Amino acid sequence: MAPLLYSFRRCPYAMRARMALAAAEIELRLREIVLRDKPPHMLDLSPKGTVPVLQLPDGTVLDESRDVMAWALAQADPQGWLAHKDEALMDAFDGDFKHHLDRYKYTSRYEDADAPTHRAMCFEMLQKLEPQLAEGWLAGDKAGFTDVALLPFVRQFRIADPAWFDTEMGLPHVQSWLKSALSGPVVPVLPPPSG
Ligand SMILES: N[C@@H](CCC(=O)N[C@@H](CS)C(=O)NCC(=O)O)C(=O)O
C-alpha cells in the first residue's frame, strides 16, 4: 500500500514535503485536510495535530516536514537535493522568519503586531540570502534541500504584498530564485500564488 500523506494545500511545511515526495516520485495516498476539522485518523497518528503527517506502509509516522523530505529523498534523489542541507538556515526560517511572516501576513490575529516591523525582520533575513543566491540557488547553480525547505515561506512572504515584493523590495536574486521555483521544472511547481 502506498504511503498516506495528510496535507493542507497552502501550508508551507506541507508544500516542502509534497515537493520532495514529488521529486522522489513517491506514489501517495494524499489526504488534503482543513485545519479546523482535522480527521480523527490523522490525530490518532500524530496527536500534535500539525500537517504534514506521513504514514509509511510499515506503520511508521513522520510528522515533521523536514523528516518527510529526508525520508522521500532517501528513497530517490534524482536531482541531488541532499547534497545541500543547511540545518541552521532551515532552523532560522522555521523559527524567526515564520514568526515574523505570520505577524506580517496575518497582523490582525496578533495583538500589538506591526506589519512594517515584521516585514522588515523578514526582509533582513532575505537580504542575507541575496549574495548567496548569485548563481541561482543557495548552494550554487543547483537547487538543494534547503532551497526547497525555504521557498514556500518566501512564496508566502511575497503573497502578503506582491506589488511591494515585485517592485519595491529589491533583492533581484531572491526574486528570480522564487520565480524559478514557481515556474518549475527544477523544483516541482509550487501552487499558484493564491494565499
Ligand atoms: N514543525 C512542523 C510544523 C508544521 C505546522 O505548523 N503546520 C501548520 C500548518 S502550516 C499546522 O498544521 N498547524 C496546526 C493548526 O493550525 O491547527 C513541521 O515542520 O512539519
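In this text, all values refer to a predicted model and were calculated from it rather than measured experimentally. Every chain is numbered on its own, with residues counted from 1 as its sequence reads. Two thresholds apply to this predicted model, a pLDDT of at least 70 for residue-level local features and 80 or more for giving and counting side-chain atom pairs, whereas whole-chain, interface and lining totals are computed over all residues.

Asks: Tell me about the pairing of strand 2 (residues 29-32), and please be specific about residues and values.
Replies: Summarising the sheet, strand 1 (residues 4-7) and strand 2 pair through four bridges and their orientation is parallel. Considered in strand 2, the bridge of Leu-5 is made with Leu-30. The handedness of a crossover follows from its direction of travel: if, with the strands pointing away from the viewer, the path from the first strand over the helix to the second runs clockwise, the crossover is right-handed. Helix and strand assignments follow DSSP, with helices taken as H or I runs no shorter than four residues and strands as E runs no shorter than two, numbered in order from the N terminus. Tracing the backbone out of strand 1, into helix 1 (residues 12-23) and back to the parallel element strand 2 gives a crossover that is right-handed. A pair of strands counts as paired when DSSP detects no fewer than two bridges linking them.

Asks: So what's going on with unusual backbone geometry? Which residues, and what values?
Replies: Cis rather than trans, the peptide bond between Val-51 and Pro-52 has omega equal to 5°. Mapped onto the secondary structure, Pro-52 falls in the loop between helix 2 (40-45) and strand 3 (53-55). In this model, Leu-171 sits at a positive phi of 55°, which is unusual for a non-glycine residue. Counting other C-beta atoms within 10 Å of its own, a residue is labelled buried from 20 upward, exposed at 12 or fewer, and partly exposed in the gap between, with every C-beta atom placed from the backbone. For Leu-171, a count of 16 C-beta atoms within 10 Å puts it in the partly exposed group.

Asks: Describe the packing of helix 1 against helix 6 (residues 145-160), naming the residues involved and giving the relevant values.
Replies: Orientation is described by lines fitted to C-alpha atoms, with helices fitted over the stretch in contact, and by angles between N-to-C directions that extend from 0 to 180 degrees. In the contact formed by helix 1 and helix 6, the axes pass within 8 Å of each other and the chain directions differ by 135°. As summarised for this structure, helix 1 and helix 6 are arranged oblique, according to the angle between their axes. The chirality of how helix 1 crosses helix 6 is right-handed. From helix 1, Pro-12, Met-15, Arg-16, Met-19 and Ala-20 reach across to helix 6, where they touch Val-148, Ala-149, Pro-152, Phe-153 and Gln-156. For this scheme, ten residues count as nonpolar: Ala, Val, Leu, Ile, Met, Phe, Trp, Tyr, Cys and Pro. Four count as charged, namely Asp, Glu, Lys and Arg, and the remainder, Gly too, count as polar. Of the residues belonging to the contact of helix 1 with helix 6, the class tally is eight nonpolar, one polar and one charged. Orientation is classified from the angle alone, with under 35 degrees giving roughly parallel, over 145 giving roughly antiparallel, 65 to 115 giving roughly perpendicular, and any other angle giving oblique. We call a crossing left-handed when the near helix sits turned anticlockwise from the far one by less than a right angle, and right-handed when that turn is clockwise. We call two residues in contact when the distance between their C-beta atoms, placed using the backbone, is within 7 Å.

Asks: I'd like a rundown of the domain arrangement of the protein, residues and numbers included.
Replies: The domains assigned to the protein are domain 1 (4-75) and domain 2 (81-183). Segment limits for the domains were obtained from an automatic or database-derived domain assignment. Between the C-alpha centres of domain 1 and domain 2 the distance comes to 22 Å. On the domain 2 side, the residues contacting the nine residues of domain 1 number nine residues. For the side of domain 1 that touches domain 2, the elements supplying multiple residues, two or more each, are helix 1 and helix 3 (65-75). A per-element tally of the side of domain 1 that touches domain 2 places helix 1 first, with six residues. Of the residues belonging to the side of domain 1 that touches domain 2, the class tally is seven nonpolar, no polar and two charged.

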